[in-house]
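One-letter residues, chain by chain:
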Amino acid sequence: MHVAAIIAAGGSGTRLGAGVPKQFLQLGQQTILQRSIEAFTGHDRITEVILALPAGSPIETAAGTAAAKLRVVMGGARRQDSVANAFAAVSPDAEIVLVHDAARPFVSAAVISRTIDAAAAHGAAIAAVAVTDTVKQVTMEAGHRVIAGTIPRESIYLAQTPQGFRREVLAKAVAVGRGEAVATDEATLAELAGHPVHIVEGDIENVKITTSADLDRARQRLAEGATARAGTGYDLHRLVEGRPLIIGGVDIPFERGAMGHSDADVACHAVTDAVLGAACLGDIGRHFPDSDPRWKGASSIDLLRQAATMVRAGGFEIVNLDVVVILERPKIAPYLSKIREGLATALSVPIDRVSVKGKTNEGVDAVGRGEAIAAHAVALLASVS
Ligand code: MG
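Owing to the predicted nature of the structure, the values given are computational and were not obtained by experimental measurement. (Residues numbered from 1 in each chain as written. Predicted model: local features only at pLDDT ≥ 70, side-chain atom pairs only at ≥ 80, totals over all residues. Heavy atoms only, no water.)

Details of empty space enclosed by the protein
As a reminder of what qualifies: Buriedness for pockets is judged along seven lines, at least five of which must meet protein on both sides within 12 Å for an open set on the 1 Å grid over protein atoms alone, while cavities are sets there where a 1.4 Å probe fits but cannot get out, and lining residues have an atom within 4 Å of a point. Grid points are joined across faces, edges and corners, and a volume is the space filled by probe spheres set on the points. Numbering of helices and strands starts at the N terminus; helices are DSSP runs of H or I of at least 4 residues and strands are runs of E of at least 2. Gly counts as polar in this scheme, as do all residues outside two lists: the nonpolar Ala, Val, Leu, Ile, Met, Phe, Trp, Tyr, Cys and Pro, and the charged Asp, Glu, Lys and Arg.
For the coordinates displayed, the defined rule picks out one cavity of 30 Å³ or more. Here the largest cavity is characterised by a volume of approximately 40 Å³. As for the largest cavity, its lining consists of Q80, V83, A84, L170, A173, V174, G177, R178, E186 and L189. For the lining of the largest cavity, the secondary structure elements donating two or more residues are α2 (79-88), α4 (167-177) and α5 (186-192). Counted by class, the lining of the largest cavity contains six nonpolar, two polar and two charged residues.

Structure (structure tokens):
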């Protein structure tokens, strides 16, 4: 059975802030939209996914999740116009078409399957949840809300998405939607077209993210499922004349600098190892070997940026970082805030997650004699699925 899924992401509502439509906001490693798309592209019964994006949004927005079965169309002025545009792009082979709201990123595979089965059996079916609270009908009397009656709650269901239709049923609903009637879901249009719409069991976790409180709760839910991963890194370089002293990407004026193949930035090297180590991705030498001419004279802050990209691609978020730089001279206190800023920028994390401390070795050993500079780093990552 050929099943198409339309993801309605045409809305440009920016009330959650950040000046971008809510579906483009980050929820863990992915945007709300990417999560909604992947619920369908990753479902083995879905043949194709048509995404309706707000007019004017870059197509590349969805490229991060581009699967072979995904196609993108421009949305319209109303939700039903976006769905109509997407429906026009559905393959002629499609027997069942689901419509899903991009703002529901937690839809489960089971809810999708139930909706497909019921749509195939009855022509039209939506995921919905029963209410558990007592339901009151309310009227306004002299500016006050007053209960007019109690509605048997058994008769009340809250509509979710996906909403599934046999192709010809959705065609009729879309035709109704081309008129004046404004609907907040496709079931309403199918009802107006005179087709009975069935209910399948939805899921209270299949929330619609509308307010910033919804978004906070969704982020909290992900964080609760996250696993913490710690990594440690250490590095040491000799200090010699005729070399720059670069620490955390900051060029520090001094008569000697760290010897090495690259810019010999001990702080960046220790941090890179800590971040890679926490993700179990090996170390700096494995990814950027000094035998490779590509890394000769490489800027270590760039290598750190690449390491951060690698761990993110592995499904990790960088939580925080603590670094100790050990050298006898010069004092690095005046440069600490610049070093923190440079590391935080390379890792794409807020500066308050990056701590850098300077230490001397009290004159002991090579570091204490000023012959070398060393650094230790600890990184904490969270694996966010
Ligand atoms: Mg090194």
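As for the confidence of the model for the protein chain
Here is the rule: The quantity called pLDDT is the predictor's confidence in a given residue, expressed from 0 to 100. Contact between two residues is taken to exist if any of their heavy atoms lie within 4.5 Å; hydrogens are not considered.
Looking at the protein chain, pLDDT values average 91 and 95% of them are 70 or higher. Note on residues 60-65: pLDDT under 50 across the span, and nine contacts to partners over four residues away in sequence or across chains.

Things to note about helix α6 (residues 212-224)
Our working definition: To estimate the expected span of a helix, subtract one from its residue number and multiply by 1.5 Å. Here the term buried applies to any residue with accessible area under 20% of the maximum for its type, exposed to any over 50%, and partly exposed to those in between, with areas from a 1.4 Å probe on protein chains only. Working note: the arc is built from the helix axis to C-beta atom directions.
The terminal C-alpha atoms of α6, which comprises 13 residues, lie 18 Å apart, in line with the 18 Å expected from a rise of 1.5 Å per residue. Restricting attention to buried positions, one finds in α6 the residues D214, L215, A218 and L222. When α6 is viewed along its axis, its buried side chains cluster within an angular range of 100° and face the same direction. What points out from α6, more than 90 degrees from its buried face, is the exposed set R217 and E224.

Considering the coordination of the magnesium ion
When four donors bind a metal tetrahedrally, each ideal donor-metal-donor angle is 109.5 degrees, and when six bind octahedrally, the ideal angles are 90 or 180 degrees. Quick reminder of the rule: Because no water is among the atoms considered, metal sites can look incomplete, with donors defined as N, O and S atoms within 2.8 Å of the metal, or 3.2 Å for Na, K and Ca.
Protein ligation of the magnesium ion involves D235 (OD), D235 (OD), H237 (NE2) and H269 (ND1), the donor distances falling in the range 2.2 to 2.8 Å. Mapping the donors of the magnesium ion onto the primary sequence gives the spacing D-x1-H-x31-H. Residue H237 is located in strand β12 (residues 227-241), and its partner H269 is located in helix α7 (residues 266-278); the two are separated by 32 residues in the primary sequence. We classify H237 as buried; its relative accessible area is 13%.

Quick word on the environment of K22
Topologically, K22 is positioned in the loop between β1 (3-8) and β2 (26-27). Taking relative accessible area as the criterion, K22 reaches 18% and is therefore assigned buried. The spacing of K22 and S108 is 86 residues in sequence and 20 Å in space, taken between C-alpha atoms.

Focus: the layout of surface pockets
Empty space among the atoms becomes visible once a probe the size of a water molecule is rolled across them. The space that makes up the second largest pocket amounts to roughly 290 Å³. Lining the second largest pocket are 16 residues, and of these A223, E317, R353, A382 and V384 lie nearest its centre. Counting residues per element, the ones that place at least two in the lining of the second largest pocket are α6 and β16 (316-326). For the lining of the second largest pocket, the class distribution of residues is nine nonpolar, three polar and four charged.

Considerations on the pairing of strand β18 (residues 372-383)
Counted only if it meets this: Strand pairing follows a simple DSSP-based rule, namely that at least 2 bridges must link the two strands.
Across 12 bridges, the pairing between β12 and β18 is antiparallel. Bridge pairing links G231 to A379 in β18. As paired strands, β16 and β18 are joined by 10 bridges and run antiparallel to one another. The residue bridging D322 from the neighbouring strand is V378, located in β18.

Some points on the sheet that holds strand β4 (residues 48-53)
Convention followed: To get an axis, fit a line to the C-alpha atoms, keeping to the stretch in contact for a helix; angles then go from 0 to 180 degrees between the N-to-C directions.
Judged by pairing direction, the sheet is mixed, and its seven strands sit side by side in the order β5-β4-β1-β6-β10-β7-β11 without closing on themselves. Either end of the sheet is taken by a strand with one partner, and the two such strands are β5 (70-74) and β11 (198-201). Neighbour to neighbour, the strand axes of the sheet diverge by 30° on average, direction disregarded. Relative to strand β10 (residues 157-166), helix α3 (residues 109-122) is tilted by about 60°, and along the sheet it contacts β1, β6 (96-101), β7 (124-130), β10 and β11.

So, unusual backbone geometry
The omega torsion across T161 and P162 is 10°, close enough to zero to call that bond cis. Mapped onto the secondary structure, P162 falls in strand β10. Here the bond from R329 into P330 is cis, since omega is -5°, no more than 30 degrees from zero. Relative to the elements of secondary structure, P330 occurs in the loop between β16 and α10 (336-347). Notably, C280 is not glycine yet its phi reads approximately 60°, a positive angle. Considering the arrangement of structural elements, one finds C280 in the loop between α7 and α8 (284-287).

Thoughts on the pattern of salt bridges
The criterion, for reference: Each reported salt bridge corresponds to a side-chain nitrogen of Lys or Arg within 4 Å of a carboxyl oxygen of Asp or Glu.
Counted by the stated rule, this structure contains 14 salt bridges. Between R166 and E168 there is a salt bridge, and its shortest N-O distance comes to 3.3 Å. Since its relative accessible area comes to 28%, R166 is described here as partly exposed. On the accessibility criterion, E168 (44% relative accessible area) is partly exposed.

Brief notes about the sheet that holds β12
Taken in spatial order, the five strands make up an open sheet running β15-β12-β18-β16-β17, and their pairing is mixed. Looking at the sheet topology across the chains shown, the edges are occupied by β15 (256-258) and β17 (354-359). When the angles between neighbouring strand axes are averaged without regard to direction, this sheet yields 20°. Both β12 and β15 contribute to a ladder of three bridges, which runs antiparallel. Opposite E241, over in β15, you have R256 as the bridge partner. Across the sheet, helix α9 (residues 300-313) is in contact with β16 and β18; its angle to β16 comes to roughly 145°. In the packing of α10 onto the sheet, contacts are made with β16 and β17, and the angle to β17 comes to roughly 140°.

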